[in-house]
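What follows is the residue order along each chain.
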Amino acid sequence: MKYIKILSFAMLAMLAASCGNKTEKTEDAKANADAKPQVKLTKATSEDIPQTETYTATVESDIKNNISPNAPLRIEKILVDVGDHVSKGQVLVQLDGSNLNQLKLQIENAKLELSRTEQLFNVGGASKSEYDNMKLQVSVLETQLKQLTTNTQLLAPISGVVTARNYDSGDMYSGAQPVLTVETTNPVKLKVNVSETYYKLVKKGMPVDVVLDAYEGEEFSGKVTIIYPTIDQMTHTFPVEITISNSAQKVRPGMFARATINFGDKNHTVVPDEALVKQIGAGDRYVYVYKNGKVSYNRVELGKHMGNKYEILSGVEPGDDIVIAGQNKLANGREVEVVK
C-alpha cells in the first residue's frame, strides 16, 4: 500500500513537470514570434549604365551573284573552282560555241552582201529600200552576236570568291541551279533585328563590336550601314545591316556572330546581388525596402548584371533603404530591427 502511494506521488510530479515544460515552450514560441526580425540595410544607388544589346546573326557576303546563261547550253569548260578568288570581268565558264561560230559566218556573208548592194545602189543597180534592208539585217545579226557572246562566255560581274559550283565541264545547263556562285568577302555583313524601342537611337555609322565563335577572344569592328524603314507588326523589331571590313579575309560567310550595339548611357538604380529575393514558383524578383520601422515587398524589373550588382529598371529608387541580410524571416509590412 505504501509503494502504491509513492508511485502515485511520482506520477503526479512528472505530470506537473511536463505541463510546466509545455507552458515554458509556448511562452518561448510566443516571445520568438513577437520578436522583430533583425536585418541589415544598405542604400540603393544610381549609375550611368551603358545601354548595350547583343544580337546573334550569321555572316553574309555583301554581294552574292549567281552565274548562269540565259538559255540551256552545253558547258564546254568551267575555268574556276570553289574557293578561287576571281576578278570582275574574268572569264569563268566557256559554253558551247557552235551557234556563235555559225552566227559569225552569217554576219560575214551578210556584210559581203551589204557591200555588193551598196555598190549597186551607188550606180543605180539597187533601190534604197534594198540597201536599207541589208543594213538592218547586218545590225540585227550583230546584236544577236553580242547576246550570244555574253551567253557563250560567262564573266565575273564582281570581284570575289567562288562559293558554289553546281556543274562539271561537259554538262548540259538545265536552269535548275546556277553554274557558279560568286560572293564578295570584303566587306561582309550581318543582319540583326532590333527592338522598336531603339528605333530613334540607331544611326548610320554607329560602331558595333562583333565576336565570332571561330575566333575566340578576338573582336572585330563593324558599323551600321542600313536601317530598314518599317517595323515588323508581329515582333515589333526592324532589320539593321552591319558591315564588317574584312581586308584580312578572316571573316567568312556562314560564320556565327554576336554583335553588340551601345545605344548610349542611362542613369538607373543599382542594388547589390544580395538584396534580390526570388519568388518561389515564379521568375519574379523582389527587394525588401525599409521605411519607418517596416519593410515592403517590392517587385523589381531587372536590367543588366554587372559584377556583384544589378541594374534596376523599376521598383526601387535611388536612396531607398534596402535589406541585404535577414530576408528569410520577413513578410510584407512586418516590423524589423536594424542591426549594423
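See above for the structure.
Rules of the game
Residues numbered from 1 in each chain as written. Predicted model: local features only at pLDDT ≥ 70, side-chain atom pairs only at ≥ 80, totals over all residues. Heavy atoms only, no water. Buried < 20%, exposed > 50% of the residue type's maximum accessible area, 1.4 Å probe, protein only. Helix = DSSP H or I, 4+ residues; strand = E, 2+ residues; numbered from the N terminus. Pairing = 2+ DSSP bridges. Core = buried A, V, L, I, M, F, W, Y, C linked by side-chain atoms within 4.5 Å. Phe/Tyr/Trp six-rings, centres within 6.5 Å; stacked < 30°, edge-to-face > 60°. Lys NZ or Arg CZ within 6 Å of the ring centre and 35° of its normal. Axes fitted to C-alpha atoms, helices over the stretch in contact; angles between N-to-C directions. Contact = heavy atoms within 4.5 Å. Salt bridge = Lys/Arg side-chain N within 4 Å of Asp/Glu carboxyl O.

Overview of the pairing of strand β10 (residues 180-183)
Looking along a regular strand, one sees the side chains alternate between the two faces of the sheet. Burial along β10 is two-sided: Leu-180 and Val-182 and Thr-181 and Glu-183, pointing in opposite directions, are all buried. Across 4 bridges, strand β4 (residues 64-67) lies against β10 in antiparallel orientation. Opposite Ile-67, over in β10, you have Leu-180 as the bridge partner. Here 4 bridges tie strand β9 (residues 160-165) to β10, and the two strands are oriented antiparallel to one another. Looking at the pairing, Arg-165 lines up with Leu-180 of β10.

Things to note about the nonpolar core
Ranked by size, the top nonpolar core spans 25 residues in total, and within it Leu-190, Val-194, Val-202 and Val-210 carry the most contacts. Elements supplying a minimum of two residues to this core: β2 (45-58), β11 (188-195), β12 (207-212), β13 (219-227), β14 (237-244) and β15 (256-272). Of all hydrophobic cores here, the second largest spans 18 residues; its members include Ile-78, Val-86, Leu-154 and Ile-158.

Notes on the sheet that holds β10
A sheet is described by the order of its strands in space; here 4 strands give the open sequence β4-β10-β9-β6, paired in antiparallel fashion. Two strands lie at the open edges of the sheet, namely β4 and β6 (85-86), each paired on one side alone.

Here's the deal with the packing of aromatic side chains
Applying the stated rule across the entire model yields 6 aromatic pairs. Ring geometry for Tyr-286 versus Tyr-297: centroids 4.2 Å apart, planes at 10 degrees, classification stacked. With Tyr-286 in strand β17 (residues 285-291) and Tyr-297 in strand β18 (residues 294-306), the pair connects residues that are 11 residues apart, well separated along the chain. Taking relative accessible area as the criterion, Tyr-286 reaches 10% and is therefore assigned buried. An aromatic cluster is built from Tyr-286, Tyr-288 and Tyr-297, whose rings are joined through pairwise contacts. When the ring centre of Tyr-215 is taken as origin, the NZ or CZ atom of Lys-250, which lies over that ring, is 4.8 Å away.

Some points on the sheet that holds strand β8 (residues 153-155)
Read from one edge to the other, the open sheet built from 3 strands follows the order β5-β7-β8, with strand pairing classed as antiparallel. The open sheet is flanked by β5 (75-78) and β8, the only strands paired with a single partner. Across this sheet, the average inter-strand angle for adjacent strands is 20 degrees, counted without regard to direction. Bridging between strand β7 (residues 91-95) and β8 involves 3 bridges; their strand directions are antiparallel. Bridged to Val-93 within β8 is Leu-154.

A look at the environment of Thr-243
Structurally, Thr-243 is set in strand β14. Sequence-wise, Thr-243 and Asn-186 are 57 residues apart; in three dimensions their C-alpha atoms are separated by 9.4 Å. Other than its neighbours up to four places away in sequence, Thr-243 contacts Pro-187, Val-188, Lys-189, Ser-221, Gly-222, Lys-223 and Thr-225.

With respect to the side chain of Glu-241
Within the element layout of this structure, Glu-241 appears in strand β14. Setting aside residues no more than four positions away along its own chain, Glu-241 makes contact with Lys-189, Leu-190, Lys-191, Lys-223, Val-224, Thr-225, Ile-226 and Tyr-228.

Let's talk about the pattern of salt bridges
If you walk through the whole model with that rule in mind, you get 12 salt bridges. Asp-168 is paired through a salt bridge with Arg-165; the nearest N and O atoms lie 3.6 Å apart. The closest approach of N and O atoms between Arg-258 and Asp-213, which form a salt bridge, is 2.7 Å. Of this pair, Arg-258 sits in strand β15 while Asp-213 sits in the loop between β12 and β13, and the two are 45 residues apart along the sequence.

Points about unusual backbone geometry
In this chain, Asn-186 is followed by Pro-187 through a cis amide linkage whose omega measures 5 degrees. Inspection of the secondary structure assignment puts Pro-187 in the loop between β10 and β11. Backbone geometry at Gln-249 places phi at a positive 60 degrees, although glycine is not the residue there. Relative to the helices and strands, Gln-249 is located in the loop between β14 and β15. By relative accessible area, which is 23% here, Gln-249 ends up partly exposed.

Side note on the side chain of Asn-246
With respect to the element layout, Asn-246 can be found in the loop between β14 and β15. Taking the relative accessible area as the measure of exposure, Asn-246 reaches 2% and is therefore buried. Those residues in contact with Asn-246 that sit more than four places away from it in its chain are Thr-185, Asn-186, Pro-187, Val-188 and Val-251.

Topic: the environment of Thr-54
Relative to the elements of secondary structure, Thr-54 occurs in strand β2. Of the residues examined, Thr-54 reaches a relative accessible area of 48% and is grouped as partly exposed. With 206 residues separating them in the primary sequence, Thr-54 and Thr-260 have C-alpha atoms 4.2 Å apart. Apart from residues no more than four positions distant in its own chain, Thr-54 is found in contact with Arg-258, Ala-259 and Thr-260.

Treat this as a map of the structure, not an account of what it does.
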